[in-house]
Amino acid sequence: DTAVSQTPKYLVTQMGNDKSIKCEQNLGHDTMYWYKQDSKKFLKIMFSYNNKELIINETVPNRFSPKSPDKAHLNLHINSLELGDSAVYFCASSRSGTGKNIQYFGAGTRLSVL
Amino acid sequence: AQKITQTQPGMFVQEKEAVTLDCTYDTSDPSYGLFWYKQPSSGEMIFLIYQGSYDQQNATEGRYSLNFQKARKSANLVISASQLGDSAMYFCAMREGRDRGAQKLVFGQGTRLTINP
């Protein structure tokens, strides 16, 4: 059973297109995140939702819009894709209030913008 | 200023040897959490070990242990009896503040570990 699953795993698209990445977790967690990993492997937070409420929005262009229909899902929609959006996007989830708040990651979505 | 620093871009170790991956952090918050993740060539991020700032003992998980030196602000990962499958990128990360809902992890640059047979 995959705990945090992302689809698709690979996404190749043209500049200017709009695309979505979906994320689902079956861990019963209340918090979900999107991170971006660039070509140098550097990971940075983009967004975080706690109980469907947007908590963290880390100076990401407004072409990126997260949506959390329920606590188990967090999707990422990207409008007007640019070359610089090429990266690996990771979804993660955690349970708050445990004292540790360990984040568990999905397998990543490799986005290539041509 | 860098919050998390991993000074070893790459390390090469013989199989069965122990290896220490360095991590130093910078925070003024007395409450924080430190994490290590493994990223194999397949790309997924795997949680390895956690250390809380108030934990008295160093964390251990199987062959992984965390050498936590609070005064020096270091949280080195020790892998005992290394195996070929340990070859991967390793990331140190920090959560600042107490666990209070959605909190970001700040990651270091990573260390690429290669285990030689």
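### A closer look at the state of the cysteines
All names here are of chain A.
Alright, step 1. Tallying each qualifying case throughout the model produces two disulfides over all chains.
Alright, step 2. Here C23 pairs with C91 through a disulfide, and the sulfurs are 1.8 Å apart. Around the S-S axis, the bridge from C23 to C91 shows a dihedral of about -75° and counts as left-handed. In this pair, C23 is assigned in strand 3 (residues 19-25) and C91 in strand 9 (residues 87-94), connecting sequence segments 68 residues apart.
Alright, step 3. Owing to a relative accessible area of 1%, C23 belongs among the buried residues under this scheme.

### Overview of the interface of chain A and chain B
Alright, step 1. If you look at the interface, chain A gives 28 residues, while chain B gives 21 residues.
Alright, step 2. Of the roughly 1,900 Å² buried between chain A and chain B on both sides combined, carbon and sulfur atoms contribute 59%.
Alright, step 3. Considering only the side of chain A, the residues that lose the most area to chain B are K41, L43 and F105 of chain A, jointly responsible for 25% of the buried surface there.
Alright, step 4. Summed over the shared surface of chain A and chain B, the number is one salt bridge.
Alright, step 5. Here K104 of chain B makes a salt bridge to E58 of chain A, at a shortest N to O gap of 2.8 Å.
Alright, step 6. Run the count over chain A and chain B and you get six residue pairs in polar contact (both at pLDDT 80 or more).
Alright, step 7. Listed by contribution, the elements that provide at least two residues to the side of chain A that touches chain B are strand 4 (31-37), strand 5 (43-50), strand 6 (53-57) and strand 10 (104-105) of chain A.
Alright, step 8. Across the side of chain A that touches chain B, the residue classes tally to twelve nonpolar, eleven polar and five charged.

Conventions and cut-offs
Residues numbered from 1 in each chain as written. Chains lettered and ligands numbered in written order. Predicted model: local features only at pLDDT ≥ 70, side-chain atom pairs only at ≥ 80, totals over all residues. Heavy atoms only, no water. Disulfide = S-S within 2.5 Å. Helix = DSSP H or I, 4+ residues; strand = E, 2+ residues; numbered from the N terminus. Buried < 20%, exposed > 50% of the residue type's maximum accessible area, 1.4 Å probe, protein only. Contact = heavy atoms within 4.5 Å. Buried area = accessible area lost by both parts, 1.4 Å probe. Salt bridge = Lys/Arg side-chain N within 4 Å of Asp/Glu carboxyl O. Polar contact = N/O pair within 3.5 Å; in protein donor to acceptor, adjacent residues only side chain to side chain. Nonpolar A, V, L, I, M, F, W, Y, C, P; charged D, E, K, R; others polar.

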